[in-house]
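Inside the fold
Here is how the chains run, residue by residue.
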Amino acid sequence: MATLLDKLWAAHEIKAEHGQSLLWVDRHLVHEGSHHAFAKLAERGLEVAEPELTFGVADHYAPTRNRDRIDNPQVAVMLERLEANCTRHGIRLFGLRDPRQGIVHVIGPEQGLTLPGLLINCGDSHTSTHGAFGALGFGIGATQVAHVLATQTVWQAKPRSMRIRFEGEPGVAVTAKDMALHWISQLGTGGATGHAVEYAGSAVRALSMEGRMTLCNLSIEGGARFGMVAPDAVTLAYVKGRPMAPLGTDWDAAEAYWQTLHSDTDASFDRDVSFDMAEVAPTVTWGTTPDQALPIGASLPDPARLDPEQAEAARDAMAYMGLTPGRPLEGTPVDQVFLGSCTNGRIDDLRAAAAVLQGRKAKVPGLVSPGSMLVKQQAEQEGLDKVFIEAGLEWTGSGCSMCVGMNGDLVGPGKRCASSTNRNFRGRQGKGARTHLMSPAMVAAAAVTGTLTDVRPLLEGRG
Amino acid sequence: MAGWTTHEGEAVVLDRRDVDTDQLIPARFMSASRAEGYGRFLLHDLREDDADFPLDRHPGASMLVAGPNFGCGSSREAAVYALVDAGIRVVVAESFADIFAGNAVNNGLLPVATPEAAALRAAIGQGAVPARVDLASRRLSVAGQELNFALSETAQAKLMNGWDDIDLTRAHAGDIRNFRDRRKADHAWAWPSA
């Protein structure tokens, strides 16, 4: 009768009081942005309760180029502060010079820090990514980060349960990114607020771990702080042998326990939604919220025909984006492209983009920032770096980069960027930047044609 | 942080839905230390582009009435710091993003989620109107309208007492230690192997 959420929650609940649970935190990931939390700790003279379960990662401000001489003093200070805080509290750090450095939500899984059945916190809303393993992963604010540092616990009200099912076979070039943008466009940016989403159905089971991470990562863009997929053979095959994954009898015990981590067949959800994969096409956002998204073959909406509540937001978004109501999305010229981020910076994503770019030239400039330095290394072993470089794109180091622009990788005012990232908010990639979210293959197609383009014809005749 | 029970001030309208955290505080300002004050970063880019921005027309306002899904996006608590440091004590909207609402309460900022938000925006219009909030009775008076709002017991107690979770949690130190020891005994795999 229990849902996966129920089981994970019960396994971490230390006590419940006034509608809130005090939960045990198995992994706490901190980054440069956690400086406010460390400052709170210092103010009160508190120590980190469990340094062994706390890990530091340099990603939000990580330079993607010229790492030996950081010329932006603001960036240098943020990196130094993280290093000093980690050293001071005995926290292991994946710093800028660590060959395993990368985006926190890419390297957690890569290092085997992320496991089924764990509760994982990070001061970042895309912590929902880790739910792809059948874990409770959720983002927290600085006050809560300080609380986890000091106590290794977090107070949280249990969310309502929601299941989103995708059934059927995906069409050509339809990826986890398209599944996510599809449900968000149908249910809205607040569509899953207050809920923990469990993704299920044949099309979810068929996803690789990379795809599941993309899907769970974007849960927050539909309002859900938690996204999760029950662990299965795909999960176990990914986790086994990772550097910090359990070994020997611990592995056996873990594996036996993980088999129990699924919603019971008769479990009921507060909300249950189902989508047919036949309805999901390669999808692109046109506006300034992730739910303003359409299949690439569609035309921009006419605000006059939308309900009044949506109409003004649509008019505003189109004015900001420099788009004309009613015009086809396809063919809209772009100024640049970006491939990377915790949403779509993994090896599968780079392979999908390279499959489109192979033997072709990009008509616009672009940046490729792998999700981690190990993803970069693997891509180079596969020769993907050459595909990107020969196409005319820049192949750089790893970090949050142009998804959030904190390290100085920015999109200029009024410039239009086809981006594999997670937020098309005003100014997200830089003041006045115009962001269109899409899958890595669709970004590659935009690079090749210099416009928003349906990738499917470009894949014809390619394996 | 000091608690509060009643607040009187002026309310203005921010007539937008999905006011996201990147708008509340653009990322480029977030390396500043809190001591420098975050108020000047609040809605920075929107204000720069709008000569007639409501908060600039009425700089003394302490209550914002905005559209649905306020605070969506990132977990950056800096979005709340910007509001608080600009003197905002209450935000009223149809709905709030979960992480934002939690961060708000942790910093003495009251998020009032109410379906009446649209009616309030219409009643206030372009001006600034007197407003009053009472946390104890969960009542809001603004633009001649009186309404009750929902607020969890925990959020109410934290706002009124200025409570800090760390102090509360440390009272449970024994339970936490027992839980940890039991988990380590039953689920040793849950600790990193390297």
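Each value, and the rule that gives it
Residues numbered from 1 in each chain as written. Chains lettered and ligands numbered in written order. Predicted model: local features only at pLDDT ≥ 70, side-chain atom pairs only at ≥ 80, totals over all residues. Heavy atoms only, no water. Helix = DSSP H or I, 4+ residues; strand = E, 2+ residues; numbered from the N terminus. Contact = heavy atoms within 4.5 Å. Axes fitted to C-alpha atoms, helices over the stretch in contact; angles between N-to-C directions. Parallel < 35°, antiparallel > 145°, perpendicular 65-115°, else oblique. Left-handed = near helix turned anticlockwise from the far one by under 90°. Nonpolar A, V, L, I, M, F, W, Y, C, P; charged D, E, K, R; others polar. Domains from an automatic or database assignment. Buried area = accessible area lost by both parts, 1.4 Å probe. Salt bridge = Lys/Arg side-chain N within 4 Å of Asp/Glu carboxyl O. Polar contact = N/O pair within 3.5 Å; in protein donor to acceptor, adjacent residues only side chain to side chain. Buried < 20%, exposed > 50% of the residue type's maximum accessible area, 1.4 Å probe, protein only.

Regarding the side chain of A:Q292
- Residue placement: A:Q292 occurs in the loop between β13 (283-285) and β14 (293-295).
- Beyond its immediate sequence surroundings of up to four residues, A:Q292 is in contact with A:V284, A:T285, A:W286, A:G287, A:A313, A:A314 and A:A317.

Focus: the packing of helix α4 (residues 78-85) of chain B against helix α5 (residues 98-105) of chain B
All names here are of chain B.
- The contact between α4 and α5 brings their axes to 9 Å, and the two run at 50°. Here α5 runs oblique to α4, going by the angle between their axes. The crossing of α4 and α5 is right-handed. On α5, the residues touching A79, V80 and L83 of α4 are F100, N103 and A104.
- A breakdown of the residues in the contact of α4 with α5 according to their chemical character gives 5 nonpolar, 1 polar and no charged.

Let's talk about the domain arrangement of chain A
Residue and element names in this part refer to chain A.
- One can read the domain layout of chain A as domain 1 (4-158 + 228-254) and domain 2 (292-458).
- Each of domain 1 and domain 2 has a C-alpha centre, and the two are 28 Å apart.
- In this complex, domain 1 contributes 22 residues to the contact, which on the side of domain 2 involves 23 residues.
- Together domain 1 and domain 2 conceal approximately 1,900 Å² of surface at their shared face, both sides included; 57% is due to carbon and sulfur atoms.
- Between E394 and R65 there is a salt bridge, and its shortest N-O distance comes to 2.9 Å.
- There are 13 residue pairs in polar contact (both at pLDDT 80 or more) connecting domain 1 and domain 2.

Quick look at the interface of chain B and chain A
- With 55 residues of chain B at the contact, the number on the chain A side is 75 residues.
- With both chains or domains summed, chain B and chain A bury close to 5,200 Å², and 53% of this area falls on carbon and sulfur atoms.
- At the junction of chain B and chain A, the tally comes to 8 salt bridges.
- A:R428 is paired through a salt bridge with B:D22; the nearest N and O atoms lie 3.1 Å apart.
- Where chain B meets chain A, there are 30 residue pairs in polar contact (both at pLDDT 80 or more).
- Those elements that place two or more of their residues in the side of chain B that touches chain A are α1 (21-24), α2 (44-48), α5, α7 (153-161), α8 (165-170) and α9 (173-186) of chain B.

A closer look at the pattern of salt bridges
- In total, this model carries 37 salt bridges over all chains according to the counting rule given.
- The salt bridge partner of A:R163 is A:D272, with a shortest N-O separation of 2.8 Å. Taken together, the positions of A:R163 in strand β9 (residues 160-167) and A:D272 in strand β12 (residues 271-276) put the pair 109 residues apart, joining distant regions of the chain.
- A:R163 sits in the buried class, given a relative accessible area of 19%.
- As a salt-bridge pair, A:R351 and A:E382 come within 2.8 Å of each other at their nearest N and O atoms. In this pair, A:R351 sits in helix α13 (residues 347-357) while A:E382 sits in the loop between α14 (373-381) and α15 (384-391), placing the two residues 31 residues apart along the sequence.
- Look at A:E382 and you get partly exposed, because its relative accessible area is 36%.
- Each of A:E50, B:R180 and B:D181 takes part in one network of salt bridges that share partners.

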